[in-house]
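# What the coordinates show
Each chain is listed here by its residues.
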Amino acid sequence: MVPPTTTSQRGAKQRRGEGQWALGYREPLNPNERSKKDDNPLNVRARIENIYAHGGFASIDPADLRGRFRWYGLYTQRKPGIDGGRTATLEPEELDDEFFMLRVRSDGGRLTTEQLRVLGEVSQTYARDTADITDRQNIQYHWIRIEDVPAIWRKLEGVGLTTMEACGDSPRVVLGSPVAGIAVDEVLDGGPAIDVILERYIGDPAFSNLPRKFKTAVSGLQDVAHEIHDIAFVGVEHPEHGPGFDLWVGGGLSTNPMIGKRLGAWVPRDEVPDVWAGVISVFRDYGYRRLRHRARIKFLVADWGPERFREVLETEYLKRKLVDGPAPEVPAQPRDHIGVHRQKDGLFYVGAAPIAGRVSGSTLVEVSKAVERAGSGRVRLTPQQKLVVLDVAEADVPALQGDLAKLGLQTEPSPWRRGVMACTGIEFCKLAIVETKARAVDLVSTLEKTLADIVGDIDTPVSIHINGCPNSCARIQTADIGLKGQIVTDADGAQVEGFQVHLGGGLGLDAGFGRKVRGHKVTAAELSGYVERVVRAYVAQRVEGERFAQ
Ligand code: SF4
């Protein structure tokens, strides 16, 4: 699949040391690359079914355990009781528990009520009733035993769900608008393009050994954080050709955040899968494989620039020119789909907020029943860790709202419940330094009391994103208030859990990353008081309609 050498490749000779396949650098330059070359990671499924599920945790080859398992959504979870101050000092095997986190793909966040019920039942049976809605629009379990994985796959696959390439250096779950196909104001429905990508390319060995993970977003609305994806297709109306997608590449967060670049190309919906395959092929062949921290496509795009990237894509992969296209108009406010909204067919969708995506298997089962009682069979998960019920008749909306509220899913949440996101954190994540989910719950319940007097003054959302370490699974750089977990020194000189504060990040209008505020580190104990002061200052000083990021 590697193309012949061309002009663009010759111009990049100096980068040979980056381990780019297209420059002939096929010998693995680090252990991750070695592991992927030794055996296609997709082959690990057969070993799980035939060996590890019978032999138990102790029988697992370490190269599978900490590498190839990810291609099926499996990560070892953190051993309980290890404090965050020791995270960086321990070897991986000292942090490994014998239980796993497991992510299930739900591309575009799309689920039927039957799928939702089965997701819940799997959690009840095999995952100690854990289930988190992640900001990748999928469900993540904890406490999974390797012995149970084949049975879990059978249950999930029985309703059309899979864990294939839910993680790993592969094309991960595709984000899509939670209201695709029903929103009155979408440019077009991205769902059919997502379906073709899944059908053709997920599980295709041609794309199962990438330099690093590859995150895709396809949306006819700007509601999927497209600016921070490896590739994104954003709905736009072309003045001559009509509705289609604007192509972005090279966005990403983590420790080197970058906003994606527009290639200036307009892509009709039925060409999205081919263009997607072209871009991921550029990444596979030219991506930097020597150092994992430079392996995401954003580094290649930053070095090449969008013009050269587009030229290589067109010349070497698509073998044709793309159509030039306009930039999409940026909406004034971010969209999270919370509340009750009319669909284009006259029915309604109802968006509800758990706190920071934390639900449970039992909750998912009960939600599926409530949704069916309301006459619907469709649910969508959102990139803000929320849940949307589609296709509800107006008369059934109040009863559904009541049912969801009883399950802790509020359809008219406080700004804090609505705006808080949190990553997995120290409860289960081996890289974590601090607790996140439980802290988000505490923060919301405290702010709902302490800021009750100014709730009426807040007419724009205030996003508060909490990360357990410097990685950015909860997108801290894009939040109004971003909190990066670290060990800090408290007033008594003790080393305690706390956060580095980033303020004023955002996507959409004024897309940009929050600024690290010098000296703004808060201990976990001071967190709610700190956020209260920041929000009060914002409300007191803002002019009407001013967003936090401004
Ligand atoms: Fe784990 Fe860090 Fe990601 Fe949180 S941000 S889930 S602590 S790697």
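In short, a report on the structure.

Reading the values: rules and limits
- Within each chain, residue numbers correspond to sequence positions counted from 1 in written order.
- In keeping with the predicted nature of the model, local features appear solely for residues at pLDDT of at least 70, side-chain atom pairs appear and are counted solely at 80 or more, and the whole-chain, interface and lining totals rest on all residues.
- Computation of side-chain values covers all heavy atoms of the structure but excludes hydrogens and water.
- Numbered from the N terminus, helices here are DSSP runs of H or I no shorter than four residues, and strands are runs of E no shorter than two.
- In this setup the radius of gyration rests on C-alpha atoms only. A globule is expected at 2.2 Å times the number of residues raised to 0.38.
- Only protein chains enter the accessibility calculation, which uses a 1.4 Å probe; a residue is then buried when its area is under 20% of its type maximum, exposed when over 50%, and partly exposed in between.
- Contact between two residues is taken to exist if any of their heavy atoms lie within 4.5 Å; hydrogens are not considered.
- Accessible areas in this description were obtained via Shrake-Rupley with a 1.4 Å probe; residue shielding takes into account the shown protein chains only.
- Here a residue is near a molecule or strand as soon as one of its heavy atoms is found within 4 Å of it.
- Any residue outside Ala, Val, Leu, Ile, Met, Phe, Trp, Tyr, Cys, Pro, Asp, Glu, Lys and Arg is labelled polar, Gly included; the first ten of those are nonpolar and the last four are charged.
- Pairing between strands is defined by DSSP: at least two bridges between the two strands are required.
- Only the stretch in contact is used when a helix axis is fitted, and all axes are lines through C-alpha atoms; the angle between N-to-C directions ranges over 0 to 180 degrees.
- Under the rule applied, a polar contact is a pair of N or O atoms within 3.5 Å (in protein, one hydrogen donor and one hydrogen acceptor; residues adjacent in sequence only if both atoms are side-chain atoms).
- Two rings from Phe, Tyr or Trp (for Trp, the six-membered ring) form a pair when their centres sit within 6.5 Å of each other. Planes less than 30 degrees apart are called stacked, planes more than 60 degrees apart edge-to-face, and all others tilted.
- Nonpolar cores are built from buried Ala, Val, Leu, Ile, Met, Phe, Trp, Tyr and Cys residues. Side-chain atoms within 4.5 Å join them into one set.
- For classification purposes, angles smaller than 35 degrees are called roughly parallel, those larger than 145 roughly antiparallel, those between 65 and 115 roughly perpendicular, and all remaining angles oblique.
- Two helices cross in a left-handed way if the nearer one is turned anticlockwise from the farther one by less than a right angle. They cross in a right-handed way if the turn is clockwise.

On to the overall build of the protein chain. Secondary structure assignment for the protein chain yields 16 helices and 21 strands. Computed over the C-alpha atoms, the radius of gyration of the protein chain is 23 Å, within 12% of the 24 Å expected from 2.2 N^0.38 for a compact globule of 550 residues. Dimensions of the protein chain, computed from the C-alpha atoms along their principal axes, are close to 65 × 60 × 50 Å. Per-residue burial for the protein chain yields a buried fraction of 61% across its 550 residues. Taking contacts inside the protein chain between residues at least 6 apart in sequence as the whole, the part at least 24 apart equals 70%. Split by element, the accessible area of the protein chain, about 20,900 Å² in all, is 50% carbon and sulfur.

For the rest of this paragraph, the subject is the site of the ligand. Within the structure, the ligand sits among Cys423, Thr424, Cys429, Leu431, Ala432, Asn467, Gly468, Cys469, Asn471 and Cys473. Each residue belonging to the shell around the ligand can be placed in one class, and the counts come to six nonpolar, four polar and no charged.

Attention now moves to the sheet that holds strand S6 (residues 171–176). In a beta sheet, neighbouring strands are held together by backbone hydrogen bonds and run either parallel or antiparallel to one another. Within the open sheet, the six strands sit side by side as S6-S7-S8-S9-S10-S11. Their pairing is mixed. The sheet is open, and its two edges are formed by S6 and strand S11 (323–324), each paired on a single side. The pairing of strand S8 (residues 231–238) with strand S9 (residues 242–249) spans eight bridges and is classified as antiparallel. Opposite isoleucine 231, over in S9, you have valine 249 as the bridge partner. Along the sheet face, helix H11 (residues 306–318) touches S9, strand S10 (261–267) and S11 and points at about 40 degrees away from the line of S10.

Moving on: the pairing of strand S13 (residues 348–352). Buried residues dominate S13, accounting for five of its five residues. Here S13 shows two buried faces, one formed by Phe348, Val350 and Ala352 and the other by Tyr349 and Gly351. When strand S12 (residues 339–342) meets S13, the two strands line up antiparallel, connected through four bridges. Looking at S13, one finds that glycine 339 is bridged to glycine 351. Counted between consecutive antiparallel strands, the loop separating S12 from S13 contains five residues, among which glycine 346 sits at a positive phi close to 95 degrees. Across four bridges, the pairing between S13 and strand S16 (residues 387–392) is antiparallel. Paired with phenylalanine 348 across the strands is valine 392, a residue of S16.

A separate point is the environment of arginine 342. In this structure, arginine 342 sits in strand S12. For arginine 342, a relative accessible area of 46% puts it in the partly exposed group. On a C-alpha basis, the gap between arginine 342 and isoleucine 182 in space is 8.8 Å, while along the polypeptide they are 160 residues apart. Beyond its immediate chain neighbours, meaning those up to four positions away, arginine 342 contacts Val184, Leu347, Phe348, Tyr349 and Glu394. Within polar-contact distance, the side chain of arginine 342 engages the backbone oxygen of glycine 346 at 3.4 Å.

All right, on to the packing of aromatic side chains then. Going through the model one piece at a time under the given rule, you end up with 14 aromatic pairs. On the numbers, 5.0 Å between centres and 70 degrees between planes, the contact of tyrosine 286 with tryptophan 304 is edge-to-face. With tyrosine 286 in helix H9 (residues 272–286) and tryptophan 304 in helix H10 (residues 297–304), this pair connects stretches of sequence that are 18 residues apart. Between the aromatic rings of tryptophan 304 and phenylalanine 309, the centroid separation amounts to 5.9 Å while the plane-to-plane angle is 55 degrees, which identifies the pairing as tilted. Across the pair, exposure class does not vary: tryptophan 304 and phenylalanine 309 are buried alike.

Moving on to the nonpolar core. One recurring pattern in soluble globular proteins is that nonpolar side chains are buried together. Ile48, Phe69, Phe100, Leu119, Tyr141, Ile144 and Leu156 are the most contacted members of the largest nonpolar core, which totals 51 residues. No other element matches helix H6 (residues 113–126), which puts five residues into this core. Counting 41 residues, the second-largest nonpolar core is a separate cluster that includes Ala22, Leu210, Phe214 and Trp304.

It is worth spelling out the side chain of threonine 478 at this point. Tracing the sequence through the fold places threonine 478 in the loop between strand S18 (464–467) and strand S19 (481–489). The buried category is assigned to threonine 478, whose relative accessible area is 8%. A distance of 2.9 Å separates the side chain of threonine 478 from the backbone oxygen of arginine 475, its partner in a polar contact.

Let us now look at the packing of H6 against helix H7 (residues 149–157). Helix-helix packing is described using two parameters, namely the angle between the two axes and the distance between the axes. H7 packs onto H6 with a crossing angle of 165 degrees between their chain directions and a minimal axis gap of 10 Å. In terms of axis orientation, H6 runs roughly antiparallel to H7. Between H6 and H7 lies a crossing of right-handed hand. Here H6 contributes Val118, Leu119, Glu121, Val122 and Tyr126 to the contact with H7, which in turn contributes Ala151, Ile152, Lys155 and Leu156. Of the residues in the contact of H6 with H7, the class split is seven nonpolar, no polar and two charged.

Attention now moves to the packing of H9 against H10. Taken N-terminus to C-terminus, the directions of H9 and H10 make an angle of 90 degrees; their axes are 10 Å apart at the nearest point. The angle between H9 and H10 falls in the class roughly perpendicular. Residues Val279, Val282, Phe283 and Tyr286 of H9 form the contact with H10, whose own contacting residues are Ile297, Leu300 and Trp304. Tallied by class, the residues present in the contact of H9 with H10 amount to seven nonpolar, no polar and no charged.

It is worth spelling out the environment of phenylalanine 428 at this point. Structurally, the position occupied by phenylalanine 428 is in the loop between strand S17 (420–422) and helix H15 (437–450). Each C-alpha atom, one on phenylalanine 428 and one on phenylalanine 99, is 9.7 Å from the other, the two residues being 329 residues apart in sequence.

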